[in-house]
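# Structure assessment
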Amino acid sequence: MAIYIEWTPEKTVHIGVHHEMLLLASPVWGRRVPEVPIHIHKHPVTGECFVCWTPQVADLEQARKVFRWWCVGTVYAIEQSEDFAPLVGAHQDDFLEFMVNEFGIEIVE
């Protein structure tokens, strides 16, 4: 909960339904450029790692969308050595399309 107090403009924990994405394992934990943010929040007590996304996530479909953004953005961050958060902010309506068109990064299912 400390992540919300620290990083949200309201400095409060969400009220009501809020989904968080727990990361069980990730190859980015041993990444090459640790100075580039990959937006993982480690719980200070349990040590569990979560996708760092502070806005309200009200349903599972929205959680899936955020997780896809995070996955694509993390690849971008590793490849470009730049934080992907500004791109999400600038392209909230077309982030995944923008990333495949501009950088060739996409999730293939």
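Scroll up for the structure.
My aim in this report is to walk through the structure given alongside it, one point at a time. (Residues numbered from 1 in each chain as written. Predicted model: local features only at pLDDT ≥ 70, side-chain atom pairs only at ≥ 80, totals over all residues. Heavy atoms only, no water.)

### Examining the sheet that holds strand S1 (residues 22-23)
On the basis of which strands lie adjacent, the open sheet formed by 3 strands has the order S1-S3-S2 and antiparallel pairing. The open sheet has two edge strands, S1 and strand S2 (40-42), and neither has a second partner. Inspection of the sheet shows S1 paired to strand S3 (residues 49-51) by 2 bridges, in the antiparallel sense. If you follow Leu22 over to S3, its bridge partner there is Phe50. (Pairing = 2+ DSSP bridges. Helix = DSSP H or I, 4+ residues; strand = E, 2+ residues; numbered from the N terminus.)

### Considering the layout of surface pockets
What the largest pocket holds in volume is close to 290 Å³. Surrounding the largest pocket, 14 residues form its lining, His39, Cys52, Trp53, Pro55 and Ala85 being those nearest its centre. Secondary-structure elements contributing two or more residues to the lining of the largest pocket are helix H2 (60-80) and helix H3 (85-90). In terms of residue class, the lining of the largest pocket is built from 10 nonpolar, 4 polar and no charged. (1 Å grid on protein atoms, 1.4 Å probe; cavity = no way out; pocket = protein on both sides within 12 Å on 5 of 7 lines; lining within 4 Å. Points joined across faces, edges and corners; volume = space filled by probe spheres on them. Nonpolar A, V, L, I, M, F, W, Y, C, P; charged D, E, K, R; others polar.)

### Brief notes about unusual backbone geometry
At Ser81, a residue that is not glycine, the phi angle is positive and equals roughly 55 degrees. If you trace the backbone, Ser81 turns up in the loop between H2 and H3. Judged by relative accessible area, Ser81 falls into the partly exposed class, the value being 40%. (Buried < 20%, exposed > 50% of the residue type's maximum accessible area, 1.4 Å probe, protein only.)

### A closer look at the packing of aromatic side chains
To describe a pair of aromatic rings, one takes the distance between the centres and the angle between the planes. Under the defined criterion, the tally for this structure stands at 4 aromatic pairs. Residues Tyr76 and Phe103 carry aromatic rings whose centres are separated by 4.9 Å and whose planes lie at 65 degrees to one another, so their mutual orientation is edge-to-face. Of this pair, Tyr76 sits in helix H2 while Phe103 sits in helix H4 (residues 95-103), placing them 27 residues apart in sequence. (Phe/Tyr/Trp six-rings, centres within 6.5 Å; stacked < 30°, edge-to-face > 60°.)

### Remarks on H2
In this model, H2 (21 residues) spans 30 Å end to end at C-alpha, consistent with the 30 Å of a helix rising 1.5 Å per residue. Along H2, the positions that sit buried rather than exposed are Ala63, Val66, Trp69, Trp70, Val72, Gly73, Thr74, Tyr76 and Ala77. Check the buried side of H2 and you find it contacts S1, S2, S3, H3 and H4. Residue Asp59 occupies the N-cap position of H2, its side-chain oxygen lying 3.2 Å from the main-chain nitrogen of Glu61. One or two residues past the end of H2 sits Ser81, with phi positive at roughly 55 degrees. (Expected span 1.5 Å × (residues − 1). Contact = heavy atoms within 4.5 Å. Polar contact = N/O pair within 3.5 Å; in protein donor to acceptor, adjacent residues only side chain to side chain.)

Fair warning: the whole summary comes from geometry, so function is off the table for now.
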